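Results of the structural survey
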Amino acid sequence: MPDTDIAKESLDAADEQRFLIGFKATPERLDKALARLMPEHSRTRIQGWIEDGHVTVNERQAQVRQTLLPGDRIVVRVQPSAESSAFLPEDIPLAVVAESPDWIVIDKPAGLVTHPGAGNWSGTLLNGLLHRYPELSMVARAGIVHRLDKDTSGLLVVARNETAQTHLVRQLQAHTVLREYVALVHGHPPADGRVDAPIGRDPRVPVRMTTQNPVAPKAAVTHYSVQRRGLLPDGRRVSEVVCRLETGRTHQIRVHMGSLGHPLVGDTLYGGSELPQAKRQMLHARRLSFQDPSSNETVSFESELAGDLQAFCQEIEWA
């Protein structure tokens, strides 16, 4: 169907586009035609608009597989992409542990995504920060200098200005920020140890990271110490481990403990078992310490274990 057989009419509104099918046009599927006429939008997105009732043909709600005929009039109400809401303020409750003119320490609950990304373009910690601290709109990534996985609870620090952000990032790069985690892992690992194994993307499973033939590996070092050992109600071994990060790679503790044969309880991505009491990886960032960008004094914070982790610990028979 040549472009000359479809006329784009004047726009009545910025979010509405209209097309008139010429009388010499050959029949064509609606979604295919619109994908060609509106190349700035993907065919999948256009199909979604059609399914959600945002496209009409001859003033009637359109169907994805509908065939366009000569003389048809199409109206498309263009919908904003999910990505467009990624940096919008949202009234999301935040547990602020402490704050200064330069930083904010947050106790993040499990289930809250730190930063917008594919599949999570809204409802994130970043959106909540922009609502509570509007000035963060002037700082890259709303001041977030390190992240916690969606299902990891605990402490993280946010910079309130660019100078503080640079200072904190440099501390992370110099490995002088103390980040200590509590994890429940399967089995009974040695009393303590150090894992020095580069981490990169798993070439077979894109959502996983790995130490085995990783793509673009980066240095990663984790120190761990077993605090206590016990048994799950079903008799399986479990241990409470404290982990301290030298580096901060994606899923680092989860990958490193899994590589030792002691994956985190609830972490099915890396070999752990999901239990009725453990619907997420049992991992909590309990201690955070860094140098204040203004005073150069060390400030330290501690967080109690998340409620679900505490409840799970009570069901374990500790030795």
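These figures come from a predicted structure and were not determined experimentally. (Residues numbered from 1 in each chain as written. Predicted model: local features only at pLDDT ≥ 70, side-chain atom pairs only at ≥ 80, totals over all residues. Heavy atoms only, no water.)

Okay, the overall build of the chain next. Scanning the chain for helices and strands turns up six helices and 20 strands. Within the chain, the fraction of its 319 residues that count as buried is 48%. In the chain, 62% of the contacts between residues at least 6 apart in sequence involve partners at least 24 apart. Of the charged side chains in the chain, 36 are positive and 39 negative; the average position of the first set lies 5 Å away from that of the second. (Helix = DSSP H or I, 4+ residues; strand = E, 2+ residues; numbered from the N terminus. Buried < 20%, exposed > 50% of the residue type's maximum accessible area, 1.4 Å probe, protein only. Contact = heavy atoms within 4.5 Å. Lys, Arg positive; Asp, Glu negative; His and termini not counted. Charge placed at Lys NZ, Arg CZ, Asp CG, Glu CD.)

Remark: helix H1 (residues 30-37) packs on helix H2 (residues 43-51), axes separated minimally by 9 Å, with the N-to-C direction vectors making an angle of 125°. The angle between the axes of H1 and H2 places the two elements in the oblique class. In the crossing of H1 with H2, the sense of the turn from one axis to the other is right-handed. Across the interface between the two elements, Leu 30, Asp 31, Lys 32, Leu 34 and Ala 35 of H1 pack against Arg 43, Ile 46, Gln 47 and Ile 50 of H2. Split into classes, the residues belonging to the contact of H1 with H2 amount to five nonpolar, one polar and three charged. (Axes fitted to C-alpha atoms, helices over the stretch in contact; angles between N-to-C directions. Parallel < 35°, antiparallel > 145°, perpendicular 65-115°, else oblique. Left-handed = near helix turned anticlockwise from the far one by under 90°. Nonpolar A, V, L, I, M, F, W, Y, C, P; charged D, E, K, R; others polar.)

Here the distance between the centres and the angle between the planes together describe a pair of aromatic rings. All told, the structure shown has three aromatic pairs when counted by the stated rule. A ring pair is formed by Trp 103 and Phe 290, whose centres lie 5.5 Å apart and whose planes are at 85°; its orientation type is edge-to-face. Placement of Trp 103 in strand S9 (residues 103-108) and of Phe 290 in strand S18 (residues 283-291) is noted, with a sequence separation of 187 residues between them. Considered together, Trp 103 and Phe 290 belong to a single accessibility category, that of buried residues. (Phe/Tyr/Trp six-rings, centres within 6.5 Å; stacked < 30°, edge-to-face > 60°.)

Burial within helix H3 (residues 125-132) is extensive, with six of its eight residues counted as buried. Every buried residue of H3 is listed here: Leu 125, Leu 126, Asn 127, Gly 128, Leu 129 and Leu 130. Of the surrounding secondary structure, the elements contacted by the buried residues of H3 are S9 and strand S10 (153-159).

All we've got here are geometric facts, nothing functional implied.
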